[in-house]
Structures are given as C-alpha cells and as structure tokens.
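Summary of structural features
Read off the chains here:
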Amino acid sequence: MINEATNIKEPIAVDTTVPVITIKGLYKSFGKDNAVLNGVDLTVRKGENLVVLGKSGSGKSILIKCLVGLVTADTGEIKVFGTDINTLDNNELNAIRVRIGFLFQNSALYDSMTVRENLAFPLKRHSKKLSAEEVEAAVIEALDNVGLPDAVDKMPAELSGGMRKRIGLARTLILKPEIILYDEPTTGLDTITSREISELILAIQKKNKTTSIIITHDMACAKLTGDRLVILKDGVIDAEGNYEALEKSDDEWVRSFFI
Amino acid sequence: MLISLKNIFVNAGHVTLFTGRFFKEVLRPPFEIKEFLRQCYIIGYKSLPLVAITGFIMGLVLTLQSRPTLAEFGAESWLPGMVALSLIREIAPVITALICAGKIASGIGAELGSMKVTEQIDAMEVSAINPYKYLVVTRVLATTLMIPVLVVFADAIGIYGGYVGVNIHSDLNMFRYFQQVLDSLDFLDIIPATIKTFFFGFFIGLIGCYKGFTAANGTESVGKAANEAVVAASLTIFIIDMLAVQITDLFF
C-alpha cells in the first residue's frame with residue numbers, strides 16, 4: 001500500500017514553472033439565463049494539488065468536466081499539456097484523456113463487471129500488448145495501492161461507499177495518469193473513511209507526482225490535500241490562496257467556508 | 001402545438017444521427033467481440049424459455065380456435081398447413097418481436113439509462129473508450145442476429161403446439177402432421193417473413209439503446225427510458241410489419 005500520509009501536510013516539490021492546465025476566459029451556460037461559468041481563469045502547475053471550493057451548483061464539476069471534454073465550453077481556452085482541447089478531434093482528445101484520471105462522485109464503477117474486470121477494462125483497451133498475466137499483475141498492484149487486494153472478485157454492489165471510492169481510484173490509477181481530477185472524493189463518507197481517502201490522495205501525489213484538481217465541500221480534505229485553494233463564486237474564481245491564508249481572509253464570505 | 005411539432009422533428013433528427021453513427025462505428029475496429037457474444041447469450045439464450053412457452057401456446061390456441069370454423073366446411077385436414085402458414089408468415093414473428101420488445105428493449109433501456117445516470121457512460125468516455133461502440137453497437141448487432149433465431153425457434157415450437165392441439169380432438173401421427181405442414185409451405189412463405197425479423201431485431205436494439213443512452217439525469221428517467229423503449233419498439237414493430245406485408249405483396 002502507498003505510505004500513509006501524516007497529519008501535517010508536508011511540502012511537496014511543486015514545479016511552479018510548468019503549467020499543466022491553463023484555463024482562460026471559460027464560459028459555460030445551460031440555456032439563456034443559466035450561466036454556470038462566467039469567465040474562469042485558472043492555472044494548475046505540475047505536481048500541484050489544487051482544491052476547488054464553492055457552493056453547490058457553482059459550476060465546480062462542470063469546470064473539471066470541461067477539462068476532459070465531457071462538457072463542451074461555450075467560449076474560452078482550455079490548455080492541457082499545452083494543447084487547447086477545444087481544437088482537438090476525437091482521437092487527439094482521447095490521447096489526452098488517457099493521461100488524465102477522473103474519479104467520479106459516485107465512483108461510477110461498472111455494475112455488470114467484477115472489480116477485476118472494472119480495473120482491467122481500460123487497461124486492456126489501451127495496452128493491447130500486455131499479456132493476461134501482466135494485466136492481472138497491474139490489477140493486483142492497483143488494488144494494493146488502495147489497500148483492497150481482497151476485493152478483486154467482488155461485484156460493485158457488494159462494496160461499501162468507501163471501498164467503491166478506493167476501487168474507483170484504483171481504476172483511475174491503473175493507466176498511470178499524470179493528472180487526476182477528483183469530483184467530491186469524500187462526499188457521503190464517514191469522517192474516518194473521508195480521512196483515509198484524503199490521505200490516499202496525498203499519498204498518490206507523493207508517489208506518482210501527479211497533478212490534481214480536487215472538488216470538495218469537505219474542509220478537512222481540503223486542508224490535508226490542498227497545496228492551493230480556489231473558491232468559485234458566480235462563475236468566476238473569487239478567492240485564491242493556501243488554506244491558512246484563506247481561513248484568515250478579510251472577506252466574510254470566504255471565511256464562512258472555514259467555520 | 002408548434003413546440004411539440006418541433007420536438008418531433010428534433011427527436012427524429014437525433015434518432016437519425018444515432019442510427020447513422022451505428023453504421024459508421026460497426027465496421028470500424030476495434031471490435032468488441034467478447035461483449036457482442038455476451039449480449040447474444042443474454043438476448044438469445046436467456047430469452048429461449050419465454051419464447052418457447054409463448055410459441056407453444058400460440059400454436060396450440062391457434063389450432064383450437066381455428067378448428068371449429070374449418071370443421072364447418074369439412075376442411076379439418078387443412079388445419080396443420082393453415083396453422084403453420086399463419087405462424088411462420090405473421091403470428092410468430094410479430095408476437096416474438098413484441099415479447100422481445102418488452103423483455104429486451106426495456107432491459108437495454110433501463111441498463112443504459114442507469115449507466116448514464118450513475119456516470120458509468122461518462123467514465124468510459126473519460127477513459128478514452130468509445131461507449132457507443134462498446135454498449136450500442138454490440139447490443140444492436142446482437143438483437144439483429146438473435147431475434148430471427150428466436151423467431152425460427154418460436155415457429156418450430158408453435159408448429160409442435162399445433163400438433164398437440166390437433167391431437168386433442170383427433171388422432172394424427174406426428175409424421176403425417178409435419179408432412180402436411182411442409183407440403184403447405186414454400187420458400188416464399190419463409191424468406192420475406194424471416195427478412196423482416198432482422199429489421200424487428202435491429203429496431204428493438206436500436207430503440208432500447210437510444211432511449212437508455214439519451215436518458216436525462218435522475219433515477220426517474222431510468223424507468224421512463226425503459227417504458228418509452230417498450231412503447232416505441234412495439235409501435236415500430238407494427239409499422240415495419242405493415243410495410244413488410246405491403247412490399248411482399250408487391251413483389252411475390
């Protein structure tokens with residue numbers, strides 16, 4: 001298993017010179033009077049854990065879905081690994097997607113497949129030269145990384161909420177992504193399991209040197225995992241800084257997230 | 001009125017694009033053969049008991065209901081041929097397709113609908129896996145190939161049901177019964193009836209997939225997708241049947 005993170009967030013080497021994700025003037029609306037993103041500008045640096053906070057419905061999930069092309073932005077530039085994803089065709093977009101992991105809020109495990117099949121599913125399609133033994137070894141390694149090697153033959157319906165999150169994370173990790181997008185990774189979990197998931201996120205960052213965007217309402221998770229926090233309000237980035245700085249912000253609305 | 005008319009055209013456009021995508025994707029590798037075979041097993045093999053029971057009852061009831069009328073004209077000997085013709089040309093294809101619309105189209109609609117709602121389809125997409133190819137192409141191909149097999153099976157069981165029906169009131173041995181059945185049939189009875197079952201299968205799969213794939217968010221839409229899939233598939237079966245009969249009438 002990946003080494004457990006400690007209680008105190010240790011500084012992790014972040015290469016501030018290399019932006020992995022650059023978003024400029026991102027607009028997205030659903031219908032005439034329902035603008036969700038109103039010109040978001042954001043840069044995420046290599047190896048950084050960026051936490052995105054905001055009220056429910058403020059467009060946090062839409063923001064990360066725009067990054068992988070699940071939602072098409074109305075206007076704006078989204079550069080991932082230096083490439084504007086809005087200009088890519090399907091094959092080029094898929095080449096970028098393979099390098100990005102996405103952990104869904106409800107894990108989105110394939111119900112009709114066992115845990116083994118869930119993990120092997122993307123691997124078999126993207127690493128066709130791998131033998132059955134190599135796929136099996138990769139599956140076991142990914143499950144070891146999330147501390148659930150015994151769940152390999154279980155169906156998703158047999159797993160608890162925390163286990164589903166871990167398996168979802170293992171499936172995300174199996175393609176060794178350089179960027180991981182977490183959509184509310186601790187929502188619906190008890191305090192202890194939430195902490196375990198947060199520690200796992202941090203441990204993955206340390207081990208794999210991944211860049212992450214973490215959407216969350218869980219301030220304990222934000223504190224533990226975030227190198228930098230941004231707060232979305234009215235479709236734009238309203239505040240930005242590390243946890244301690246935002247906690248002491250002059251803006252009462254920003255401080256209200258930390259109570 | 002105008003809005004609902006607009007919605008009809010918008011929906012028709014979406015269905016056309018969805019269907020067009022099938023023909024684009026079906027010939028393009030990679031081919032999901034394992035998933036296709038799994039769907040053939042689920043759609044074909046797992047539907048056999050239901051189709052067998054229905055087919056047997058269709059043959060038996062048709063024989064028992066037709067017998068008094070034919071007996072009035074002293075034409076009871078026509079019973080095996082008439083039952084076989086009715087079953088093969090019309091009753092077995094349509095009833096089997098309707099049963100499959102209820103079982104398979106609703107199942108596909110609900111399965112894909114719940115996958116959509118729980119973001120499983122999105123999960124495939126962000127893993128750079130083509131969900132249309134994996135989920136839709138395999139299911140539509142499986143229904144297109146399995147419904148004709150199920151109809152042929154229903155034909156056979158239905159004809160056997162007719163044999164049981166004939167023997168309730170008279171004594172006809174199996175060899176003579178099947179000889180009369182075969183004498184009354186020619187290829188022109190079988191070929192058009194079989195060709196239309198491929199279309200039944202195609203549309204059962206396509207409509208189930210379309211309704212599931214385009215389900216809105218929320219659990220309510222899963223039930224709605226399943227329900228709409230059955231209604232639309234059943235209606236489409238009748239429309240195809242009507243067209244098939246007209247075309248057969250023109251050419252044969």
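Residues numbered from 1 in each chain as written. Chains lettered and ligands numbered in written order. Predicted model: local features only at pLDDT ≥ 70, side-chain atom pairs only at ≥ 80, totals over all residues. Heavy atoms only, no water.

Structural notes on the overall build of chain A
Let me state the cut-off plainly: Secondary structure follows DSSP: runs of H or I at least 4 residues long count as helices, runs of E at least 2 residues long count as strands, and numbering of each begins at the N terminus. As a reference, a globule follows 2.2 Å times the number of residues to the power 0.38, and the radius of gyration itself is taken over C-alpha atoms. We call two residues contacting when some pair of their heavy atoms lies within 4.5 Å. For the accessible areas, the method is Shrake-Rupley and the probe is 1.4 Å, while residue cover comes only from the protein chains on display. When charges are tallied, Lys and Arg are placed among the positive residues and Asp and Glu among the negative ones, while His and the ends of the chain are skipped. By convention, the charge on Lys lies at NZ, on Arg at CZ, on Asp at CG and on Glu at CD.
For chain A, the helix and strand inventory stands at nine helices and ten strands. Over its C-alpha trace chain A gives a radius of gyration of 18 Å, about what one expects of a compact globule, namely 18 Å for 259 residues. Considered along the principal axes of its C-alpha atoms, chain A spans approximately 55 × 45 × 35 Å. Sequence-distant contacts in chain A: of pairs separated by 6 or more residues, those separated by 24 or more amount to 69%. With the model as given, the accessible surface of chain A reaches about 11,700 Å², and the carbon-plus-sulfur share is 49%. Taking the average location of the 32 positive side-chain charges in chain A and that of its 37 negative ones, the two points are 2 Å from each other.

With respect to the pattern of salt bridges
Counted only if it meets this: Salt bridges are identified by distance alone: a Lys or Arg side-chain nitrogen within 4 Å of an Asp or Glu carboxyl oxygen. Think of it in three bands: residues with accessible area under 20% of the maximum for their type are buried, residues over 50% are exposed, and the middle band is partly exposed, with areas taken using a 1.4 Å probe on protein chains only.
Summed over the entire model, instances satisfying the criterion amount to 20 salt bridges over all chains. A salt bridge links Glu32(B) to Arg125(A), with the shortest nitrogen-to-oxygen separation between them at 2.7 Å. Taken together, the residues Glu32(B) in the loop between α1 (2–26) and α2 (33–43) and Arg125(A) in helix α3 (residues 115–126) connect one chain to another. The class for Arg125(A) is partly exposed, based on a relative accessible area of 23%. For Asp189(B), the salt bridge identified is with Arg89(B), shortest N-O distance 2.9 Å. Taken together, the positions of Asp189(B) in helix α8 (residues 187–213) and Arg89(B) in helix α4 (residues 79–117) put the pair 100 residues apart, joining distant regions of the chain. For Asp189(B), a relative accessible area of 8% translates into the label buried. Judged by its relative accessible area of 43%, Arg89(B) falls in the partly exposed class. Within the structure, one salt-bridge network assembled from shared partners comprises Arg45(A), Glu48(A), Arg228(A) and Glu240(A).

Some details on the sheet that holds strand β10 (residues 236–241) of chain A
Sheet strands pair by backbone hydrogen bonding; their relative direction is either parallel or antiparallel. All names here are of chain A. Selection rule: Two strands form a pair only when DSSP identifies at least two bridges running between them. Axis definition: a line fitted to C-alpha atoms, limited for helices to the stretch in contact. Angles are taken between N-to-C directions and run from 0 to 180 degrees.
Taken in spatial order, the six strands of this open sheet run β6-β7-β8-β3-β9-β10, and their pairing is mixed. Every interior strand has two partners, whereas the edge strands, β6 (100–103) and β10, have only one. If you compare each strand with its neighbour and ignore which way they point, the axes differ by 20° on average. Inspection of the sheet shows β6 paired to strand β7 (residues 179–183) by four bridges, in the parallel sense. Bridge pairing in β7 places isoleucine 100 opposite isoleucine 179. Each of β6 and β7 touches helix α5 (residues 161–173); the most contacted strand, β6, lies at about 170° to it.

As for the packing of helix α3 (residues 48–72) of chain B against α4(B)
All names here are of chain B. Basically, it comes down to this: Should an angle lie under 35 degrees it is considered roughly parallel, over 145 roughly antiparallel, and from 65 to 115 roughly perpendicular; all remaining angles are considered oblique. Crossing chirality is assigned from the near helix's rotation relative to the far helix, an anticlockwise turn below a right angle marking it left-handed and a clockwise turn marking it right-handed. Following the grouping adopted for this structure description, the nonpolar residues are Ala, Val, Leu, Ile, Met, Phe, Trp, Tyr, Cys and Pro, the charged ones are Asp, Glu, Lys and Arg, and the polar ones are all others, Gly among them.
In contact at an axis separation of 9 Å, α3 and α4 are set at 140° when each is read in the N-to-C sense. What the angle tells us is that α3 and α4 run oblique. Once α3 is placed against α4, the crossing between them reads as right-handed. Packed against α3, whose contacting residues are Leu50, Val51, Thr54, Met58, Gly59, Leu62, Thr63, Ser66, Arg67 and Leu70, the element α4 presents Leu79, Met82, Val83, Ser86, Leu87, Ile91, Ala92, Ile95, Thr96, Ile99 and Lys103 at the interface. The residue makeup of the contact of α3 with α4, split by class, is 13 nonpolar, six polar and two charged.

Concerning α3(B)
All names here are of chain B. In plain terms, the rule: For a helix, the expected span equals 1.5 Å multiplied by the number of residues minus one. Note that bend, as reported per residue, equals the angle between axes fitted to the 7 residues terminating at that residue and the 7 residues originating from it.
With 25 residues, α3 should reach 36 Å at 1.5 Å per residue; the first-to-last C-alpha distance of 37 Å fits that figure. Within α3, the axis deviates most sharply at serine 66, by approximately 35°, and proline proline 68 lies no more than four positions further along. Those residues of α3 that sit buried are Val51, Ala52, Thr54, Gly55, Met58, Gly59, Leu60, Leu62, Thr63, Ser66, Arg67 and Leu70. On the buried face of α3, the contacting elements are α4 and α6 (131–169). Among the residues trailing α3, glycine 74 stands out with phi positive, at a value near 65°.

With respect to the state of the cysteines
All names here are of chain B. The condition is simple: Disulfides are defined in this document as cysteine sulfur pairs within 2.5 Å.
With the rule as written, the count across this model stands at zero disulfides over all chains. The cysteine cysteine 100 is free of any disulfide, with cysteine 40 supplying the nearest cysteine sulfur at 13 Å. With a relative accessible area of 2%, cysteine 100 lands in the buried category. With no disulfide of its own, cysteine 209 has cysteine 40 as its nearest cysteine by sulfur position, at a separation of 13 Å.

Quick word on a nonpolar patch on the surface
All names here are of chain B. We count it as follows: What goes into a patch is any residue over 30% in relative accessible area without a salt bridge, connected to like charges within 9 Å or, for nonpolar side chains (Val, Leu, Ile, Met, Phe, Trp, Tyr), within 5 Å.
Together, Leu188, Leu235, Ile239, Met242, Leu243, Ile247, Leu250, Phe251 and Phe252 make up a nonpolar patch on the protein surface, roughly 1,000 Å² of accessible area in all. Looking at which element gives the most residues to the nonpolar patch, the answer is helix α9 (residues 220–251), with seven residues. With respect to the secondary-structure elements, isoleucine 247 resides in helix α9.

Purely geometric numbers; function is a separate question.
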